[in-house]
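Architecture at a glance
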Amino acid sequence: MIHAPNNMTIKTCIARAEHGDNRFRGYALNGELVGAHSMASMAALAVGGPLLVGEERALLEDLAVAVTVADPRIWPLKAARIAGAYGSMFAAIAAGNLALERALMGMESCVTVARRLVEVRPLAATLDDVALAAHLAVAWPERRPPGFGVPARAEDERVVGITARVRARGADERPFFRLYERIARVSRARRGLEANLQLVFAALALDLGFAAETIGAMAWSTAQIALQANAVEAAREPAALLRRLPDAAIDYIGPAPRLSPRALAAAASLPSDKPPQG
């Protein structure tokens, strides 16, 4: 018999299955959550964020929808398609999520952006735009800092979509959203940088009450819809082209086929079939 001392207890704040109802993050599933909350607000609870209601919950739902860009040409969605070409939806989802780890578009970048916004907010109130731009050039020194960069396009369409919803809901006077708009403006004017979704996502999440450390996990949650869409289609209709390209589609440019030194030595040591010369 194993006797477990008190220090072997593992505590959790997530959930408990009980008689009569289940609890999730301290709330009764049937009594408080079912019928009152969406998948987006449940995802917020899951990652340790706040339980949102009313306009704040609606804004979170807008954000979750606005980020859903599922073009399979985008990494890591392409990784999900390639893995799904072997017939497994679960392998496809796993591959896509692994490709998200430490990606420029991934969770860690969203946390970095959120922390930077929290750090710069008190100082920004004391600086004019020229001084703020100078400060950002030092504090965010990368050629393309996290939260900036829109490859091959003039602007990030996701930012356009969610910004329109923020204004329609009258949420554009919230402090971090205003800070985002100011940083985006001075960075565009002074450094030629265009803000992307990470910057506005982090700003809105901070305004909704998320701690910076939880924002990356929330961003990950919203990315799952795009991953699932590609994983399901890839597994249902496995593409042979993603497993092996046909020979006719490949042009080889390089040295002609040749034997290695080891193979040449082995060939030289073989007995000859020719009769000895007399």
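Presented here is a report on the structure given in the accompanying data block.

So, how was this worked out
Once a new chain begins, its residue numbering starts again from 1 and follows that chain's sequence as written. Since the coordinates come from a predicted model, pLDDT governs what is reported: local features require at least 70, and pairs of side-chain atoms require 80 or more to be given and counted, while whole-chain, interface and lining totals use all residues. As a rule here, side-chain values come from all non-hydrogen atoms in the structure, and water together with hydrogens is ignored. Comment: elements are numbered from the N terminus, with helices defined as DSSP H or I runs of at least four residues and strands as E runs of at least two. Here a residue-residue contact requires only that any non-hydrogen atoms of the pair lie within 4.5 Å. Only the protein chains shown count as cover for residues, and all accessible areas are computed by the Shrake-Rupley method using a 1.4 Å probe. Charged residues are defined here as Lys and Arg on the positive side and Asp and Glu on the negative side; His and the ends of the chain fall outside this count. Every charge is mapped onto a representative atom, which is NZ of Lys, CZ of Arg, CG of Asp or CD of Glu. Patch membership needs two things, relative accessible area over 30% and no salt bridge, and members are linked within 9 Å if like-charged or within 5 Å if nonpolar (Val, Leu, Ile, Met, Phe, Trp, Tyr). Just to be clear on terms, a salt bridge is a Lys or Arg side-chain nitrogen sitting within 4 Å of an Asp or Glu carboxyl oxygen. Residue exposure (1.4 Å probe, protein chains only): buried if accessible area is under 20% of the type maximum, exposed if over 50%, otherwise partly exposed. Strand pairing requires that DSSP identify at least two bridges connecting the strands. Aromatic pairing here means that ring centres of Phe, Tyr or Trp (its six-membered ring) are within 6.5 Å. Orientation follows from the plane angle: under 30 degrees is stacked, over 60 is edge-to-face, and everything else is tilted. Put simply, the grid is 1 Å and covers the protein atoms alone, a cavity is a trapped set of points that fit a 1.4 Å probe, a pocket is an open set with protein on both sides within 12 Å along at least five of seven lines, and lining residues have an atom within 4 Å of a point. Grid points are joined across faces, edges and corners, and a volume is the space filled by probe spheres set on the points. Three residue categories are used. Nonpolar comprises Ala, Val, Leu, Ile, Met, Phe, Trp, Tyr, Cys and Pro, charged comprises Asp, Glu, Lys and Arg, and polar comprises the others, including Gly. In this description, a nonpolar core means a group of buried Ala, Val, Leu, Ile, Met, Phe, Trp, Tyr and Cys residues linked to one another through side-chain atoms lying within 4.5 Å.

**Brief notes about the overall build of the protein chain**
- Counting its secondary structure elements, the protein chain contains twelve helices and three strands.
- Its C-alpha atoms give the protein chain principal-axis dimensions of about 100 × 65 × 45 Å.
- Of the contacts formed within the protein chain by residues at least 6 apart in sequence, a portion of 65% connects residues at least 24 apart.
- Only carbon and sulfur atoms are counted for the fraction: they give 59% of the accessible area of the protein chain, which is about 17300 Å².
- Of the side-chain charges in the protein chain, 32 are positive and 28 negative, and the distance between the mean point of each set is 5 Å.

**Considerations on a nonpolar patch on the surface**
- Together, Trp-75, Ile-82, Tyr-86 and Leu-242 make up a nonpolar patch on the protein surface, roughly 420 Å² of accessible area in all.
- Looking at the secondary structure, you find Leu-242 in the loop between α11 (212–236) and α12 (261–269).
- Overall, Leu-242 belongs to the partly exposed group, its relative accessible area being 37%.

**Considerations on the sheet that holds strand β1 (residues 15–17)**
- Read across the open sheet, the three strands follow the order β1-β2-β3; overall the sheet is antiparallel. Sheet topology places β1 and β3 (27–28) at the edges, where each strand pairs with a single neighbour.

**Regarding the side chain of Asp-156**
- Mapped onto the secondary structure, Asp-156 falls in the loop between α7 (129–139) and α8 (157–168).
- We classify Asp-156 as buried; its relative accessible area is 3%.
- Apart from the residues within four sequence positions on either side, Asp-156 is in contact with Val-150, Ala-195, Asn-196 and Leu-197.

**Notes on the packing of aromatic side chains**
- Inspection of every chain in the model, using the stated rule, returns two aromatic pairs.
- Pairing Phe-177 with Tyr-180 gives two aromatic rings, centres 5.3 Å apart and planes at 55°, and the pair type is tilted. Placement of both Phe-177 and Tyr-180 in helix α9 (residues 175–191) is noted, with a separation of three residues, approximately one turn of the helix. There is no split in this pair, since Phe-177 and Tyr-180 are both buried.

**Digging into the layout of surface pockets**
- In this structure, the second largest pocket spans a volume of roughly 300 Å³.
- Around the second largest pocket sit Met-39, Ala-40, Met-42, Ala-43, Ala-64, Met-218, Trp-220, Ser-221, Thr-222, Gln-224, Ile-225 and Gln-228, which together line it.
- The set of elements that each furnish at least two residues to the lining of the second largest pocket consists of α2 (39–46) and α11.
- For the lining of the second largest pocket, the element with the highest residue contribution is α11, accounting for seven residues.
- The class makeup of the residues in the lining of the second largest pocket is eight nonpolar, four polar and no charged.

**Topic: the environment of Gly-87**
- Among the structural elements, Gly-87 can be located in the loop between α4 (77–84) and α5 (89–100).
- For Gly-87, a relative accessible area of 42% puts it in the partly exposed group.
- Distance in space between the C-alpha atoms of Gly-87 and Gln-228 is 14 Å, their sequence separation being 141 residues.
- What Gly-87 contacts, discounting residues up to four positions off in sequence, is Ala-235 and Pro-238.

**Points about the nonpolar core**
- Membership of the largest hydrophobic core comes to 50 residues, with the highest contact counts inside it found for Leu-117, Tyr-180, Ile-183 and Phe-210.
- For this core, the secondary structure elements donating two or more residues are α2, α3 (54–66), α6 (107–124), α7, α8, α9, α10 (197–207) and α11.
- Among the elements that make up this core, the one with the highest residue count is α10 (nine residues).
- Ala-80, Ala-92, Ala-226 and Leu-227 belong to the second-largest nonpolar core, a separate cluster that totals eight residues.

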